[in-house]
Structures are given as structure tokens and as C-alpha cells.
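Single-letter residue listing:
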Amino acid sequence: MKTADLYDVYGEQLQVAVPAFESYGAQHAFSGQITTLKLFEDNTLVRETLNQPGVGKVLVVDGGGSLRCALLGDQLAKLAVDNGWSGIIINGCIRDSDVIRTLDIGVKALNTNPAKSAKRGEGQRDIEVQFAGARFAPGAYVYADTDGIVISDRSLNESEPRK
């Protein structure tokens, strides 16, 4: 279901992220249960997380909004595809965007930057993160498409009754 349609049905039950993200990846619409990372200019945890099974999940990375380096490149995006992740939302930058646009995954990020991130192994996993005027909690659900990003505390599958 499209984010606009979800909003029409569920309205105030949803959070709507501020429209600050560009779409990358071949999938422009994606959804899933949220897994979170909070880090700054260090993508070590991104690799570790995407190296795990992610079927039905979306990785939400709060990179502090940094535009100074990329937190995701083509190799990590390919790893995400290979491990079944539905999508990735990054409050930060990606690189290798031309290749990522060909991969069967949804990716949303603030922008692109060719610079690599550090590899210090710093950051936190599975904690609530807040950016773009929204709260992303582990275990909640995110729905993204070309209209934007909405977050729900529960799954909004097609079989649920309308309000």
C-alpha cells in the first residue's frame, strides 16, 4: 500500500518523516520491521548488521545527518540484497549511487558523497533514534515510497480493517 493511502486510512496513528530524503536503489517502495543503528561517520556497524539475515526488515541508520562521508556503498548495498533486507534509510550519505540504483533494494539517504567513512567500530544498535521529525523504534514498522516515509508502531498489512 502506498504511503499516501496508508495516511488516508491510518492518519494520526502514523508518524511522517520530513521529506528530506532522496530515493536510491531499484525499489522505490519498500517496507518492513525496523532495525536501528546510531553512529557518526563510521559504518562498521552497518556492515555487521547487513551481514545478518534481514528478510522483512528495514535498516534505519541515524548518521547524525553528516554529509561529510558515505555510510553505505555498492558493496554494502549488495550485501543487504544478498541477505534479504527490504530497504535502508540513512540519515546521512551514500556513495556508488549509480550501482546502487541497479540493485533490487530500496535505499533512502540525504545525499551522496564519494568519501569513505571511518572504521572505528563505534555506535549503538537497536535503540530508538529520532531524525526528520520522526521517531524510529526497533520493532516498529516503516513504509517508504516516492511520496515519503511513514512509521507505525504496528504492522499495517492489507488484511487489517480500515478505521
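Residues numbered from 1 in each chain as written. Predicted model: local features only at pLDDT ≥ 70, side-chain atom pairs only at ≥ 80, totals over all residues. Heavy atoms only, no water.

Caption draft 1: Geometry of the overall build of the chain. If you tally the helices and strands in the chain, you get four helices and twelve strands. Considered along the principal axes of its C-alpha atoms, the chain spans approximately 45 × 30 × 25 Å. Within the chain, buried positions represent 48% of all 163 residues. Pairs at least 24 residues apart make up 73% of the contacts formed inside the chain by residues separated by at least 6 positions. For the chain, the computed accessible surface area is about 7,800 Å², with 47% contributed by carbon and sulfur atoms. Charge separation in the chain, taken as the distance between the mean sites of 17 positive and 21 negative side-chain charges, equals 3 Å. (Helix = DSSP H or I, 4+ residues; strand = E, 2+ residues; numbered from the N terminus. Buried < 20%, exposed > 50% of the residue type's maximum accessible area, 1.4 Å probe, protein only. Contact = heavy atoms within 4.5 Å. Areas by Shrake-Rupley, 256 points an atom, 1.4 Å probe, with all protein chains shown as cover. Lys, Arg positive; Asp, Glu negative; His and termini not counted. Charge placed at Lys NZ, Arg CZ, Asp CG, Glu CD.)

Caption draft 2: Molecular detail of the nonpolar core. The biggest cluster of nonpolar side chains holds 23 residues, and the ones touching the most others in it are Val46, Leu50 and Leu72. Sort the elements by how many residues they give to this core and helix H3 (residues 74-82) lands first, with four residues. Dropping the residues within four chain positions of it, Leu50 is found in contact with Leu59, Leu72, Leu76, Leu79, Ala80, Asn83, Trp85 and Ile88. Counting 19 residues, the second largest nonpolar core, distinct from the first, contains Val129, Ala134, Ala144 and Ile149. (Core = buried A, V, L, I, M, F, W, Y, C linked by side-chain atoms within 4.5 Å.)

Caption draft 3: Quick peek at the pairing of strand S11 (residues 141-145). With four of its five residues buried, S11 lies for the most part within the structure. As defined by bridge partners, strand S3 (residues 30-38) adjoins S11 across four bridges and the pair is classed as antiparallel. Paired with Gly32 across the strands is Val142, a residue of S11. As paired strands, S11 and strand S12 (residues 148-152) are joined by five bridges and run antiparallel to one another. Of the residues in S12, the one forming a bridge with Tyr143 is Val150. Between S11 and S12, which pair antiparallel and follow one another directly, the connecting turn spans two residues. (Pairing = 2+ DSSP bridges.)

Caption draft 4: Just the pattern of salt bridges, in detail. Inspection of the entire model under this criterion finds eight salt bridges. With its nearest N and O atoms 3.4 Å apart, the salt bridge here joins Asp62 to Lys38. Of this pair, Asp62 sits in strand S4 (residues 57-62) while Lys38 sits in strand S3, and the two are 24 residues apart along the sequence. Salt bridges here are not isolated pairs; linked through shared partners, they connect Glu128, Arg135 and Asp153. (Salt bridge = Lys/Arg side-chain N within 4 Å of Asp/Glu carboxyl O.)

Caption draft 5: Highlighting the packing of aromatic side chains. Applying the stated criterion across every chain yields a total of two aromatic pairs. Seen in terms of ring centroids, Phe131 and Phe136 are 4.6 Å apart; in terms of plane orientation they differ by 20°. Their pairing is stacked. Residue class for Phe131 comes out buried when judged on its relative accessible area of 7%. Overall, the relative accessible area of 0% leaves Phe136 in the buried class. (Phe/Tyr/Trp six-rings, centres within 6.5 Å; stacked < 30°, edge-to-face > 60°.)

Caption draft 6: Summary view of unusual backbone geometry. Despite not being glycine, Asp126 shows a phi value in the positive range, around 55°. In this structure, Asp126 sits in the loop between strand S8 (124-125) and strand S9 (129-131). Look at Ala132: it is not a glycine, yet its phi comes out positive at around 55°. Relative to the helices and strands, Ala132 resides in the loop between S9 and strand S10 (134-136). Relative accessible area serves as the criterion here: at 19%, Ala132 is assigned to the buried category.

Caption draft 7: Broad picture of the side chain of Asp62. Relative accessible area serves as the criterion here: at 5%, Asp62 is assigned to the buried category. A polar atom in the side chain of Asp62 sits 3.4 Å from the side chain of Lys38. If near-sequence neighbours (up to four positions away) are discounted, Asp62 is found in contact with Leu37, Lys38, Leu39, Asn91, Val129, Gln130 and Phe131. (Polar contact = N/O pair within 3.5 Å; in protein donor to acceptor, adjacent residues only side chain to side chain.)

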